[in-house]
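Structure assessment
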Amino acid sequence: MKIVIPDDYQDCVRHLDAFAKLEGHEVTIYDDTVTDEDALVERFQDADALVLIRERTPITESLLARLPNLKAISQTGGGAAHVDMAACKRHGVTVMAGTGSPYAAAELTWGLVLAAMRHIPEEFENLKAGRWQRTLGTGLKGRTLGIFGYGKIGKLIARYGQAFEMNVLVWGREGTRARAAEAGLDVAGSQAELFERSDVLSLHLRLNDDTHGIVSAEDLARMKPTALLVNTSRAPLIAAGALEAALREGRPGRAAVDVFEEEPVTNHPLLALPNFLATPHLGYVEKDSYELYFGDAFDNLLAFDAGRPVKNLAE
């Protein structure tokens, strides 16, 4: 097979143990991102298969129409919302997805919580500049950790919060609330209550039509001026422009995020705010996760090439 792997920012895929699975195939890897369709066609036109790294490159009807050689897309992780499934079906392209792990994203989330609450990035910059102890951090013990969405990652975050002796408060859909109650956690009476009571509020929702913009400017305005909002899920969960406006108004007092509306980011107005902390979508970017994600993606592709049964998301 001729296989193309786009968007390998760190040029790390070829160095994974899992990469050996593709021995004998013609693999082309790109370590940058292009969004122009003509540029994508130039890169993908000879490919029999694409291995996509999460949601970095959208696969659209117009792009597929210009890729007559493409037979398969193997997606790292389980989500494929960026792939037009109906168009893939029309063009006879098989779409496969693998499994994911919640641990790396949960660990990164908690790292952001600690970094923001104790002003770790600021104090490191102060230290390098010869300034000693310029901020006063906030501890976690006894404070309320709000979790919006109690799935695999949300459950881990709840456990981390309990380990730090925080009071855990959960909100989400009916099933979410039922699972949280069964686990003995406090369940908010409403979305408004979650935002009002939380000292740290972490978003752990899938992005879909129902959750797009689910966090409104009114929700953010309900937060305490001392509170921290954390988003390692998806940026469009928050209404467009609402987070920047809220941080300028001081409710919440701080935000820490790992996701942006358009990625990769080279410039963004949030980055200029002193009460904003961000990482470049590192939640799943970790060696064990990559071995799992790419191992699955490569296995699915090899099964397809061998004619073995695979689950086609485009059917």
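In this text, all values refer to a predicted model and were calculated from it rather than measured experimentally. (Residues numbered from 1 in each chain as written. Predicted model: local features only at pLDDT ≥ 70, side-chain atom pairs only at ≥ 80, totals over all residues. Heavy atoms only, no water.)

Looking only at helices and strands, the chain features eleven helices and twelve strands. The C-alpha atoms of the chain give a radius of gyration of 21 Å, which matches the 20 Å a tight globule of 315 residues would have. Projected onto its principal axes, the C-alpha positions of the chain cover 55 × 50 × 35 Å. Relative to its 315 residues, the chain shows a buried fraction of 48%. Of the contacts formed within the chain by residues at least 6 apart in sequence, a portion of 63% connects residues at least 24 apart. If you sum the accessible surface of the chain, you get close to 15,400 Å²; carbon and sulfur atoms cover 49% of it. The averaged location of the 45 negative side-chain charges in the chain is 6 Å from the averaged location of its 33 positive side-chain charges. (Helix = DSSP H or I, 4+ residues; strand = E, 2+ residues; numbered from the N terminus. Rg over C-alpha atoms; globule rule 2.2 N^0.38 Å. Buried < 20%, exposed > 50% of the residue type's maximum accessible area, 1.4 Å probe, protein only. Contact = heavy atoms within 4.5 Å. Areas by Shrake-Rupley, 256 points an atom, 1.4 Å probe, with all protein chains shown as cover. Lys, Arg positive; Asp, Glu negative; His and termini not counted. Charge placed at Lys NZ, Arg CZ, Asp CG, Glu CD.)

Listing the buried residues of helix H1 (residues 37-44) in full gives Leu 40, Val 41, Arg 43 and Phe 44. Burial along H1 is one-sided: seen end-on, the buried residues are contained in an arc of 165 degrees. On the buried face of H1, the contacting elements are strand E1 (2-5), strand E3 (49-52) and helix H2 (61-64). At the N-terminal end of H1, a side-chain oxygen is found 3.1 Å from the backbone nitrogen of Asp 38, two or three residues along, and the residue is Asp 36. (Arc of directions from axis to C-beta. Polar contact = N/O pair within 3.5 Å; in protein donor to acceptor, adjacent residues only side chain to side chain.)

Read from one edge of the open sheet, five strands run E2-E1-E3-E4-E5, paired in parallel fashion. Lying at the two open borders of the sheet, with one neighbouring strand each, are strand E2 (26-29) and strand E5 (94-97). Within the sheet, the average angular offset between the axes of one strand and its neighbour, ignoring direction, is 20 degrees. In this sheet, E3 lies alongside E1 in parallel orientation, the contact comprising two bridges. When the bridges of E3 are listed, Val 4 appears paired with Leu 50. Each of E1, E3, strand E4 (72-75) and E5 touches helix H11 (residues 287-305); the most contacted strand, E4, lies at about 155 degrees to it. (Pairing = 2+ DSSP bridges. Axes fitted to C-alpha atoms, helices over the stretch in contact; angles between N-to-C directions.)

We now examine the pattern of salt bridges. The tally for this structure, following the rule as stated, stands at 18 salt bridges. Here Lys 141 ties to Glu 165 by a salt bridge, and the two come within 3.7 Å at their closest N and O atoms. Linking Lys 141 in the loop between helix H5 (120-128) and strand E6 (144-148) with Glu 165 in the loop between helix H6 (152-163) and strand E7 (167-171), this pair joins segments that are 24 residues apart in sequence. Classification of Lys 141 by relative accessible area gives exposed; the value is 59%. Between Arg 222 and Glu 196 there is a salt bridge, with its nearest N and O atoms 3.9 Å apart. With Arg 222 in the loop between helix H9 (217-221) and strand E10 (228-231) and Glu 196 in helix H8 (residues 191-197), this pair connects stretches of sequence that are 26 residues apart. Residue Arg 222 is classed as partly exposed on the basis of its relative accessible area, which comes to 34%. Its relative accessible area of 41% is what places Glu 196 among the partly exposed residues. A single salt-bridge network, built from bridges that share partners, covers Glu 37, Asp 38 and Arg 66. (Salt bridge = Lys/Arg side-chain N within 4 Å of Asp/Glu carboxyl O.)

A few words now on the side chain of Asp 258. Structurally, the position occupied by Asp 258 is in the loop between strand E11 (254-257) and strand E12 (276-278). One buried charged side chain, Asp 258, makes no salt bridge at all; its nearest oppositely charged neighbour is Arg 234, positioned 7.5 Å away. At a separation of 2.7 Å, a polar atom in the side chain of Asp 258 contacts the main-chain amide nitrogen of Leu 282. Once residues within four sequence positions are removed from consideration, Asp 258 is found in contact with Leu 108, Leu 112, Asn 231, Thr 232, Glu 263, Thr 279, Pro 280, His 281, Leu 282 and Gly 283.

Along the chain, Arg 251 connects to Pro 252 via a cis peptide bond; the corresponding omega equals 5 degrees. Inspection of the secondary structure puts Pro 252 in the loop between helix H10 (242-249) and E11. Cis peptide bonds are those with omega within 30 degrees of zero, and the linkage from Glu 263 to Pro 264 qualifies with 0 degrees. Looking at the secondary structure, you find Pro 264 in the loop between E11 and E12. Positive phi outside glycine occurs at Asp 7, with the angle close to 65 degrees. Tracing the chain through its elements places Asp 7 in the loop between E1 and E2. Even without a glycine there, the phi angle at Arg 54 is positive, about 50 degrees. Along the chain, Arg 54 falls in the loop between E3 and H2. For Arg 54, a relative accessible area of 17% puts it in the buried group.

Shape is all these values report; function is a separate question.
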